[in-house]
Amino acid sequence: MKEVLYRSTRGGFSGVKASEAILQGLAEDGGLFVPETMPVLDVKLSDLAGKSYQEVAYEVMKLFLTDYSEEDLKYCISHAYDSKFDTDKIAPIVHADGAYYLELFHGSTIAFKDMALSILPYLMTTAARMNQIKDEIVILTATSGDTGKAALAGFADVPGTRIIVFFPHGGVSPIQRKQMVTQKGANCKVVAVKGNFDDCQTGVKTIFNDKKVKAQMAEAGFRFSSANSINIGRLVPQIVYYVYSYAELLNQGVLKDGDPLNIVVPTGNFGNILAAYYAKLIGVPLGKLICASNKNKVLFDFFQTGVYDRNREFMLTSSPSMDILISSNLERLIYRIAGNDAEKNVAMMKALSTDGKYEITDEMKELLSDFRAGYADEDATAKEIAEVYKNADYILDTHTAVASYVYRNYRKESGDETPAVIASTASPYKFTRSVMTAIDAKYQDMEDFALVDALCELSGVKVPAAIDDIRTAEVLHKDVCEIGEMESVVKGFLGM
Ligand SMILES: *Cc1c(COP(=O)(O)O)cnc(C)c1O
């Protein structure tokens, strides 16, 4: 099989092996690694129908991670997708109210980030061995709420690694916060930053790209990597469940081989929907890829107008994991529609960082025909939760509800009746307060864990271990820092 190598979207690096790209996370020129050639699925989807999640994972991941041996890759897959998930299916599909909800929240932290972050530590430690890396790997992570906990759960006590998570102070749900600040593990550090998610993400990128810090780190025996969706090791495992969905719907007789399937994704950093796009590029007959935003609808506006403009108010919503104005992974798409032209991409990313905006050309716009976009405000999101509960006795989390609303709206406006998979990105238990008050205002005055019990009663879905565990867990991480203090927090934790 032909080796797939990676290059940076900023033009500084090419010919990088998958394992090296995973170790680096972000390229040193500030770009994101993309495959130089897009591989093609070399098994028929009809042959994948009825296969297990792990089997499909191997068939997809081997296409992108060509320098991993079969034995290594299968080891990573079998250790990641095991009993940490509360269902053998790993990613079950639920048919409710006219759509197929792909439940990506059955992992240990009950958000879709587990799909990639349960395997990333294995991919990374394997990559370190393959490349004879002796330095300790330091994972620096900015989180809008869910990546942080999933990365902590994945990397806690993994030998040869440390992990530092920055989250926006006051910008995550109470349960998201509690999940993170109770994290055990001597190699883990969690800090609240007095800023929003974009501040956290920019802070992390700045530390990452600082040559002086990097040299000091190397001196002390450390090297940085990233668990954010900028890491190709996050993106590749996310392609798997779109391939799996298609095969599973073939298996269920919902689709016939070759039929189109639309995909709807509640979007923040543009990682999850980009994975769907990659699934389409490797040969899955996907139809429209529908990008759903909350009130922070910078992506919706981009797809409407071709102008990406982050100069607007940052709003906190009931779907905090999508409260993002700088969608990092969009850069991979921009690079591609610019004809894989790093120079053009750099010009736009420079404009984004200096003026907060850029505009793509008409030619580039035409290459976005696979995508549709929509958004849901707070009211529409809450109504969608209530509506789907009423019609189908199925309870959505706030993020999934954004996608669900956007899907119904799209279907009504376009008349497109193609079957659709909606990426269901979090368990409703993670956003209990917003979910329960959307169903009935009477829940407003109940405290957080009483709401958990009420949700259990209403949904008949067992309270996940992730929630039970934090009821009484001790808060271990109390640090709050200013945006400008992030670097010294990192150095402090590493004893530098
Ligand atoms: C991270 C997250 C999203 C957004 O995914 P991106 O890959 O950043 O677009 C949506 N929903 C939930 C619950 C998330 O945790």
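Going by the structure above, here's the rest.
Described below are features of the structure shown in this document. All figures in this text were calculated on a predicted structure; none of them were measured in a lab.

## Things to note about the site of the ligand
Surrounding the ligand, one finds 15 residues, the nearest of these being Lys-113, Asp-146, Gly-268, Asn-269 and Thr-425. Between an oxygen atom of the ligand and a main-chain N or O atom of Asn-269, the distance comes to 2.7 Å. The contact in question runs from an oxygen atom of the ligand to an N or O atom on the backbone of Phe-270, over 3.0 Å. A total of 380 Å² of accessible area belongs to the ligand in isolation, and the protein chains cover 98% of it.

## Some thoughts on the sheet that holds strand E13 (residues 371-375)
As summarised here, the arrangement of the 6 strands in space is E3-E4-E14-E9-E10-E13, forming an open sheet in which the pairing is mixed. Among the strands making up the open sheet, the edge pair consists of strand E3 (93-96) and E13. Mean inter-strand twist for the sheet, computed between neighbouring axes without regard to direction, equals 25 degrees. Pairing geometry for E3 and strand E4 (residues 99-103), over 4 bridges, is antiparallel. Looking at the pairing, Ile-93 lines up with Leu-102 of E4.

## What about helix H17 (residues 378-392)?
The end-to-end C-alpha distance of H17 is 21 Å, a good match for the 21 Å that 15 residues give at a rise of 1.5 Å each. Among the residues making up H17, those that are buried are Ala-380, Thr-381, Glu-384, Ile-385 and Val-388. The buried residues of H17 occupy one face: seen down the axis, they fall within an arc of 145 degrees. Turned more than 90 degrees off the buried face of H17, the exposed positions are Lys-383 and Lys-390. Where H17 starts, the residue carrying a side-chain oxygen 3.2 Å from the main-chain nitrogen of Asp-379 turns out to be Asp-377. Following H17 by one or two positions, Asp-393 adopts a phi angle in the positive range, close to 55 degrees.

## Digging into the side chain of Asp-301
Tracing the sequence through the fold places Asp-301 in helix H13 (residues 298-305). With near-sequence residues (within four places) excluded, Asp-301 lies in contact with Gly-306, Val-307 and Arg-312.

Definitions and cut-offs
Residues numbered from 1 in each chain as written. Predicted model: local features only at pLDDT ≥ 70, side-chain atom pairs only at ≥ 80, totals over all residues. Heavy atoms only, no water. Near = heavy atom within 4 Å. Polar contact = N/O pair within 3.5 Å; in protein donor to acceptor, adjacent residues only side chain to side chain. Areas by Shrake-Rupley, 256 points an atom, 1.4 Å probe, with all protein chains shown as cover. Pairing = 2+ DSSP bridges. Helix = DSSP H or I, 4+ residues; strand = E, 2+ residues; numbered from the N terminus. Axes fitted to C-alpha atoms, helices over the stretch in contact; angles between N-to-C directions. Expected span 1.5 Å × (residues − 1). Buried < 20%, exposed > 50% of the residue type's maximum accessible area, 1.4 Å probe, protein only. Arc of directions from axis to C-beta. Contact = heavy atoms within 4.5 Å.

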